[in-house]
Amino acid sequence: MSEGAALHLKGRVLAGPEDVRDEFWVVGGRVTFQRPTGIRDLTTVEGWILPGLVDAHCHVGLDAHGPVDAGTAEKQALTDRDAGTLLIRDAGSPSDTRWIDDRADLPRIIRAGRHIARTRRYIRNYAHEIEPEDLVAYVAQEARRGDGWVKLVGDWIDRSTGDLESCWPRGEVEAAITEAHRLGARVTAHCFAEDSLAPLVEAGIDCVEHATGLTEDTIPLFAERGVAIVPTLVNIGTFPRLAAGGEAKFPRWADHMRRLHTRRYDTVRAAYDAGVPIFAGTDAGGSLAHGLIAEEVAELRKAGLPAVAALSATTWGAREWLGRPGLTEGAPADLVVYEADPREDVRVLAAPRRVVLRGRVVG
């Protein structure tokens, strides 16, 4: 946008779940609710306006086989941007994507460093694969490399039992989380199974990804401790296919995965009803495509979250949780414009009318 130019956003500005305004302006790439003066070039954009969407579990720089080149990572980020995702919590990647921070046309990324997993207990080429005695050192390393988050693999299939099993002893994981917190980082963990959850929460973890193993016994613990979950329901939808592919070798695991899939919506709704913080994430970048945030929000609605809660999981609430501003005075102008009210039908999110990033119309 040239010097002396500005955007005028008008219609219905959904600045918060209870904060609906008629208009605002973008001057110098930032939001203002004060009518500017001396503007020579004013472009008006009308519609239903939300803060840029958040994908709280996404992997830029990663595909099903491991790290990807910069050109592929760029395409991933652009796909997310064009879907309205302007803030990504990258929940583990072996690629160095710091160059994205210098690109004004790409989403902002909050990195969790590289996954930390037990030896031969995760997807090949994804993680640091270590043993428990090295957990504290690797958590400290990734806390320093990331943007305030560290990602553990909390459970995975154990070939000796043929089912999902926890990866870390309680003492080591508690020490590692304590060290991450000392360094100013929060810790999250991939967890599918039931038994891995309580020890992680009791050890002080801040968030759990997927959390398909939540039960009536562990949901109150999450609620009491304020531990968030990112259900990644579009990913959980792949469980039957995964189970079919591994059933011949690991029938116990396959049956377990199917059961977790069957009760996925009930699990998420029970967590919401108990007051567990829930945020939207797609798990894009492994075997899933990018640009699926609208589908994930629609899945949260299927699970029984009210429309405003499902929207908050990818807008106001998610940004607050990650420490990033929304549509507030002086904030960077990252926003999405829609034809209709997403509170009436969240499927509107699948068709952005305009995407504005750092104050510039990019889509």
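Structure's up top.
The present account deals with the structure reproduced in this document. (Residues numbered from 1 in each chain as written. Predicted model: local features only at pLDDT ≥ 70, side-chain atom pairs only at ≥ 80, totals over all residues. Heavy atoms only, no water.)

So, about the overall build of the protein chain. Scanning the protein chain from terminus to terminus reveals 12 helices and 20 strands. Taking 363 residues into account, the globule formula puts the C-alpha radius of gyration at 21 Å, and the protein chain, at 21 Å, falls close to it. Once the C-alpha set of the protein chain is aligned to its principal axes, its extents read approximately 70 × 40 × 35 Å. Looking at the 363 residues of the protein chain, the share that counts as buried comes to 56%. The contacts of the protein chain with a sequence gap of at least 6 include a subset with a gap of at least 24, amounting to 65%. For the protein chain, the accessible surface area stands at approximately 14,800 Å², while carbon and sulfur atoms represent 46% of it. Looking at charge distribution, the protein chain has the averaged site of its 44 positive side-chain charges lying 3 Å from that of its 54 negative ones. (Helix = DSSP H or I, 4+ residues; strand = E, 2+ residues; numbered from the N terminus. Rg over C-alpha atoms; globule rule 2.2 N^0.38 Å. Buried < 20%, exposed > 50% of the residue type's maximum accessible area, 1.4 Å probe, protein only. Contact = heavy atoms within 4.5 Å. Areas by Shrake-Rupley, 256 points an atom, 1.4 Å probe, with all protein chains shown as cover. Lys, Arg positive; Asp, Glu negative; His and termini not counted. Charge placed at Lys NZ, Arg CZ, Asp CG, Glu CD.)

On to the pattern of salt bridges, then. In total, this model carries 26 salt bridges according to the counting rule given. Between Arg170 and Glu202 there is a salt bridge whose closest N-O contact spans 3.2 Å. You can see Arg170 sitting in helix α3 (residues 170-182) and its partner Glu202 sitting in helix α4 (residues 197-202), a full 32 residues away along the chain. When its relative accessible area of 35% is taken as the criterion, Arg170 is described as partly exposed. Taking the shortest distance from any N to any O, the salt bridge between Asp341 and Arg343 comes out at 3.0 Å. Judged by its relative accessible area of 27%, Arg343 falls in the partly exposed class. Counted as one network, the salt bridges with shared partners bring together Arg98, Asp101, Arg111 and Asp147. (Salt bridge = Lys/Arg side-chain N within 4 Å of Asp/Glu carboxyl O.)

For an α-helix the count is 3.6 residues per turn, leaving residues at separations of three or four pointing the same way. Among the residues of helix α7 (residues 239-246), those classed as buried are Phe239, Ala243 and Gly246. On an axial view of α7, the arc spanned by its buried residues comes to 75°, and they lie on one face. Every exposed residue of α7 that faces more than 90 degrees away from the buried side is listed here: Arg241 and Gly245. Of the surrounding elements, those touching the buried residues of α7 are α6 (233-236) and α8 (251-262). (Arc of directions from axis to C-beta.)

Turning our eyes to something else, we now look at the packing of aromatic side chains. For the coordinates displayed, the defined rule picks out six aromatic pairs. Consider the rings of Tyr122 and Trp156, whose centres lie 4.8 Å apart with planes at 75°: the pair is edge-to-face. Taken together, the residues Tyr122 in the loop between β10 (116-118) and β11 (128-130) and Trp156 in strand β13 (residues 155-158) connect sequence positions 34 residues apart. One aromatic cluster is present, built from ring pairs that chain together Tyr122, Tyr126 and Trp156. (Phe/Tyr/Trp six-rings, centres within 6.5 Å; stacked < 30°, edge-to-face > 60°.)

Here we take up the sheet that holds strand β4 (residues 41-51). In spatial order, the strands read β3-β2-β1-β4-β18-β19-β20; together these seven strands make up an open sheet with mixed pairing. On the outer flanks of this sheet lie β3 (30-32) and β20 (360-361), each paired with one strand and no other. Where strand β19 (residues 354-357) meets β20, two bridges bridge the pair, whose relative direction is antiparallel. When the sheet's bridge partners are listed, Val356 is paired in β20 with Val361. (Pairing = 2+ DSSP bridges.)

As a further point, take the side chain of Asp163. Looking at the secondary structure, you find Asp163 in strand β14 (residues 163-166). Reaching out from Asp163, the side chain makes a polar contact with the side chain of His256 at a distance of 3.0 Å. With sequence-adjacent residues up to four places away left out, Asp163 is seen in contact with Trp156, Ile157, Asp158, Arg252, Trp253 and His256. (Polar contact = N/O pair within 3.5 Å; in protein donor to acceptor, adjacent residues only side chain to side chain.)

Our focus in this paragraph is the packing of α7 against α8. The interhelical angle for the contact between α7 and α8, taken along N-to-C directions, is 170°, at an axis separation of 8 Å. As summarised for this structure, α7 and α8 are arranged roughly antiparallel, according to the angle between their axes. Taking contact as the criterion, the partners of Phe239, Pro240, Leu242, Ala243, Ala244 and Gly246 in α7 are, on α8, Trp253, Ala254, Met257, Arg258, Leu260 and His261. (Axes fitted to C-alpha atoms, helices over the stretch in contact; angles between N-to-C directions. Parallel < 35°, antiparallel > 145°, perpendicular 65-115°, else oblique.)

Of note in this structure, Asp283 is not a glycine but carries a positive phi near 65°. With respect to the helices, strands and loops of the structure, Asp283 is situated in the loop between α9 (264-274) and α10 (293-302). Here Arg358, not a glycine, exhibits a phi torsion of approximately 55°, which is positive. Mapped onto the elements of the fold, Arg358 is located in the loop between β19 and β20.

None of this, on its own, says anything about what the molecule does.
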